[in-house]
Amino acid sequence: MTNHRKPKKILGIETTCDETAAAVVENGRIVLSNIIASQANLHKQYGGIVPEVASRKHLEVLPLVVDEALEAAGVKIEDIDAIAIAKEPGLPPALSVGYAYASGLANGNQILLIDVNHLEAHISGIWLVRKGEIIKEIPYPFLCLSVSGGHTSLTLVANDQNSKIIGNTLDDAAGEAFDKTARILGLGYPGGPLIDKLSKEGDETRYDFPRPMIHDEGFRFSFSGLKTAVQREVLKLENECEVHKDNTELYDELCRNVTTDVAASFQEAVVDVLIEKTVRAAEQLGINTITMAGGVSANTRLRDKMGRACSEIGYELFYPKLEFCLDNAAMIAARGYEISSEKC
Ligand code: KG4
Ligand code: ZN
């Protein structure tokens, strides 16, 4: 395939969930700007994302975020060869705000509009670098573990045009499990980064939480049972601590560092399942390159433990730079570049 007619500079736009983002990416890999306006503080008060609130905020800030992305990249809209828009999946009201804005901008300036799948874009985020950095050489085929707030899947990526999802979650996504567990522990939203940070101080062996479907032959995941187990344990601990609050010795033994240790033990269970299933899938498929994508791939314990598991068996592991793990528009532009037709 020849690349010379692909759009050189792509403006990516992302409004699938609670981040309003725009980025300019050159040749599908080099990030000239990456602007993300997070609504996390806005949704904190509700303990989760409210779609109508998210869409109203997108409407308000998207034009400003796009202008900022162009300015930070040192380009004008006339210099943009294509606009890549995250079309699905996502919160319907949030998606329509982004799509209406992107298509208006593309039509008004006679620019090619490319519809991008948000999940495929997470996988493409693996290639992104800032200007001056070396572009990674990642051999195809590879197996990608995508772990975000809405999705958990294993994808066999043959090349940038062909990929196949071989496993999904049956219920909660990994990120959702982090967010719900954080809520149970009263930590706030989004839960993933908070549990990640807190777990560094915790004892991950203190509570033996289930590792759902870890021995299941297939590539499917399930996390809702784990969340329920955490909920049950927390309720039990709350009762026990109340009953023994006057017995200093027993109280101390039962109730000291409970939140931290529950967080660490929960995180360990998720990480163990993700690693075991991913490595087993790679072995069965005969693929020795693994990549990770999505918000949960920012998790330090997952990165560390998956890294050790891969190096023990001589597999290569790649994950995106931190700024390209969580929802961003540079990955939308990267995927737009890969799927752009050559007629532009
Ligand atoms: O990919 P992403 O930004 O948005 C979706 O497409 O869903 O992922 C967001 C999810 C949230 O559930 C958040 O709690 C989780 O990623 N997350 C983490 C970490 N950072 C973000 N989970 C575990 N550890 C982290 N460090
Ligand atoms: Zn995402």
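Everything numeric here is computed off the predicted structure, so don't read it as measured data.

**What to know about helix 11 (residues 330-339)**
- For helix 11, the tally of buried residues reaches nine of 10 residues, placing the bulk of the element in the interior.
- Listed in full, the buried residues belonging to helix 11 are A330, M331, I332, A333, A334, R335, G336, Y337 and E338.
- Taken together, the buried residues of helix 11 touch strand 1 (9-14), strand 2 (19-26), strand 3 (30-38), strand 4 (82-88), strand 5 (112-117) and helix 4 (118-124).

**Describing the site of ligand 1**
- Neighbouring ligand 1 are 20 residues; G149, D179, G192, D196 and D327 lie closest to it.
- G175 is positioned with one of its backbone polar atoms (N or O) 3.1 Å from an oxygen atom of ligand 1.
- In this structure, an oxygen atom belonging to ligand 1 sits 2.7 Å away from a side-chain N or O atom of D179.
- In the complex, 90% of the free accessible area of ligand 1, which totals 560 Å², lies under the protein chains.
- For the shell around ligand 1, the secondary structure elements donating two or more residues are helix 4, helix 5 (174-184) and helix 6 (191-199).
- Per element, the largest residue contribution to the shell around ligand 1 is four residues, and it comes from helix 6.
- Considering only residue class, the shell around ligand 1 consists of six nonpolar, 11 polar and three charged.
- Mapped onto the domain boundaries, the shell around ligand 1 takes at least three residues apiece from domain 1 (9-128 + 325-342) and domain 2 (142-319).

**Let's talk about empty space enclosed by the protein**
- One pass over the full model with this rule turns up two cavities of 30 Å³ or more.
- Space inside the largest cavity adds up to approximately 130 Å³.
- Along the wall of the largest cavity there are 14 residues; nearest its centre are I123, V157, N159, R335 and E338.
- The set of elements that each furnish at least two residues to the lining of the largest cavity consists of helix 4 and helix 11.
- For the lining of the largest cavity, the leading source of residues is helix 4, giving three residues.
- In terms of residue class, the lining of the largest cavity is made up of five nonpolar, five polar and four charged.
- When residues of the lining of the largest cavity are sorted by domain, at least three fall in each of domain 1 (9-128 + 325-342) and domain 2 (142-319).
- Taken as a whole, the second largest cavity encloses approximately 30 Å³ of empty space.

**Here's the deal with the coordination of the zinc ion (ligand 2)**
- The coordination sphere of the zinc ion (ligand 2), as far as protein atoms go, consists of H118 (NE2), H122 (NE2) and D327 (OD), spread over 2.0 to 2.1 Å.
- Viewed at the metal, the four donor atoms of the zinc ion (ligand 2) are separated by angles of 95 to 141°, and the geometry they form is irregular.
- Positions of the donor residues of the zinc ion (ligand 2) along the chain correspond to the pattern H-x3-H-x204-D. Of this pair, H118 and H122 both sit in helix 4, four residues apart, roughly one helical turn. Residues H118 and H122 agree in their burial class; the two are buried.

**Let's talk about the environment of D81**
- For D81, the position within the fold is in the loop between helix 2 (51-73) and strand 4.
- As a C-alpha pair, D81 and A106 span 25 residues in sequence and 9.8 Å in three-dimensional space.
- Excluding residues within four positions of it along the chain, D81 makes contact with P7, K8, K9, I111 and L112.
- Of note is the side chain of D81, whose polar atom sits 3.2 Å from the backbone nitrogen of K8.
- Within the structure, D81 has its side chain in polar contact with the backbone nitrogen of K9 (distance 2.8 Å).

Rules behind the numbers
Residues numbered from 1 in each chain as written. Chains lettered and ligands numbered in written order. Predicted model: local features only at pLDDT ≥ 70, side-chain atom pairs only at ≥ 80, totals over all residues. Heavy atoms only, no water. Buried < 20%, exposed > 50% of the residue type's maximum accessible area, 1.4 Å probe, protein only. Helix = DSSP H or I, 4+ residues; strand = E, 2+ residues; numbered from the N terminus. Contact = heavy atoms within 4.5 Å. Near = heavy atom within 4 Å. Polar contact = N/O pair within 3.5 Å; in protein donor to acceptor, adjacent residues only side chain to side chain. Areas by Shrake-Rupley, 256 points an atom, 1.4 Å probe, with all protein chains shown as cover. Nonpolar A, V, L, I, M, F, W, Y, C, P; charged D, E, K, R; others polar. Domains from an automatic or database assignment. 1 Å grid on protein atoms, 1.4 Å probe; cavity = no way out; pocket = protein on both sides within 12 Å on 5 of 7 lines; lining within 4 Å. Points joined across faces, edges and corners; volume = space filled by probe spheres on them. Donors = N, O, S within 2.8 Å, 3.2 Å for Na, K, Ca; no water. Tetrahedral: all angles 85-135°; square planar, octahedral: opposite > 155°, others 65-115°.

It is worth stressing that arrangement in space is one thing and function is another; only the former is reported here.
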